[in-house]
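# Examining the three-dimensional arrangement
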Amino acid sequence: MKFSISRDALIKPLNLVAGVVERRQTLPILSNVLLSLEGNQLSLTGTDLEVELVGRVTLAASGVDGDITVPARKLVDICKSLPDGSDIEFSVEAGKATVKAGRSRFTLSTLPASEFPSVEEGQGELSLELPQKMVKRLIERTAFAMAQQDVRYYLNGMLLEIRSGRLRMVATDGHRLALCTSPDAVDAGDAAVIIPRKGVLELSRLLEGDENIRLVIGNNHVRAANAQYTFTSKLVDGKFPEYERVLPKSPDKSVIGDRLELKQAFTRTAILSNEKYRGVRLKLSNDALEITANNPEQEQAEELVAVEYQGDDLEVGFNVSYLLDVLSVLDGKQVRLSLADSASSALLEEAEAGDSLYVVMPMRL
């Protein structure tokens, strides 16, 4: 196997593929990247057995076909350390890979490509073309609410649901819920699958540009592909909670406020909140919201924000981090907070018609 490539053409797909590779692996080959050359098409593959990413580069000239695996992290570090505009010559002989650029020469250990595992592919049941920007928006608006290491493993991921021609993504960690629905209809039947946390984060990294991606949803995998890469992730085998039951049915108290003003006020009060529980108290009265936080050191922060609210006075506690997460992903000028009473969850959304809904559970303070 032998080929030449410019450093700048190799570094982007190599970085993306190496992002999938785990640093600590039980199988040595999983810390390697698979390089495959056919004519002038170079493919780079990384996997951790859950998620697989294949990046593709077209070379200026054909090389000698072949495939080999080399240590991913070392190859990335070598490419990063070479000067911009360098040309790299890559060759494999007698089980060693040689990387040459200018006066630099590196010899890397290899493992045979035949040992490299691939994520098994079931039958693709449903296939649709989607704008990358739309999918990225759905992920960015909901991913923060995924659980991290919950024993309820089906919460450590995101629900991708197609219902009545609308694509929706939902994430929850049991304390808050984020939901975003595509504004445009999609041409596909109903489906619901849970993509694992790592798959969601890796897919989000890949989505950029205006062109479409092809999304294929199977029984045990989801695949996203365009001209530059093919991304495959196993699915979480579990049942996602019936999230619509969590949405507050008839919140009769509605607060409308300036998003940035509220975000800044919450950020300031959070400084003196209890570091462990991050609780803040919201006191609502006519056209005013008072936010207070205190901590075990007897310190206190108070903020008064002008809001649109008419109704009975109400006091309710929330984890301020959850409120800030929502205010950070919304982009409307004003937000609406809907409540029923101090013991029920709050619904957050953009004041003007938006495509996202957020539910935050209250705290006892």
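Just above sits the structure.
Read on for a plain summary of the structure. (Residues numbered from 1 in each chain as written. Predicted model: local features only at pLDDT ≥ 70, side-chain atom pairs only at ≥ 80, totals over all residues. Heavy atoms only, no water.)

## Re the pairing of strand 14 (residues 212–218)
- Taken across its seven residues, strand 14 has five buried, putting it largely inside the fold.
- One ladder, built from four bridges, connects strand 14 with strand 15 (residues 221–225); its direction is antiparallel. The residue of strand 15 that forms the bridge with Leu-215 is Ala-224.
- Counted along the chain from strand 14 to the antiparallel partner strand 15, the turn is two residues long. (Buried < 20%, exposed > 50% of the residue type's maximum accessible area, 1.4 Å probe, protein only. Helix = DSSP H or I, 4+ residues; strand = E, 2+ residues; numbered from the N terminus. Pairing = 2+ DSSP bridges.)

## Topic: helix 5 (residues 259–270)
- Helix length check: helix 5 (12 residues) gives 16 Å between terminal C-alpha atoms against 16 Å at 1.5 Å per residue, within 8%.
- Regarding helix 5, the residues found buried are Arg-259, Leu-262, Ala-265, Phe-266, Thr-269 and Ala-270. Viewed end-on, helix 5 has its buried residues packed into an arc of 135 degrees, placing them on one side of the element.
- The inward-facing, buried residues of helix 5 abut strand 17 (253–258), strand 18 (279–285), strand 19 (288–294), strand 20 (300–306), helix 6 (320–329) and strand 22 (334–339).
- The N-terminus of helix 5 is capped by Asp-258, whose side-chain oxygen sits 3.1 Å from the backbone nitrogen of Leu-260. (Expected span 1.5 Å × (residues − 1). Arc of directions from axis to C-beta. Contact = heavy atoms within 4.5 Å. Polar contact = N/O pair within 3.5 Å; in protein donor to acceptor, adjacent residues only side chain to side chain.)

## Overview of the sheet that holds strand 6 (residues 87–93)
- Read from one edge to the other, the open sheet built from four strands follows the order 1-6-7-8, with strand pairing classed as antiparallel. Of all the strands in the sheet, just strand 1 (2–6) and strand 8 (104–109) have a single pairing partner and so form its edges. The mean angle between the axes of side-by-side strands here comes to 20 degrees, regardless of whether they run parallel or antiparallel.
- Pairing of strand 7 (residues 96–101) with strand 8, which is carried by six bridges, proceeds in the antiparallel orientation. (Axes fitted to C-alpha atoms, helices over the stretch in contact; angles between N-to-C directions.)

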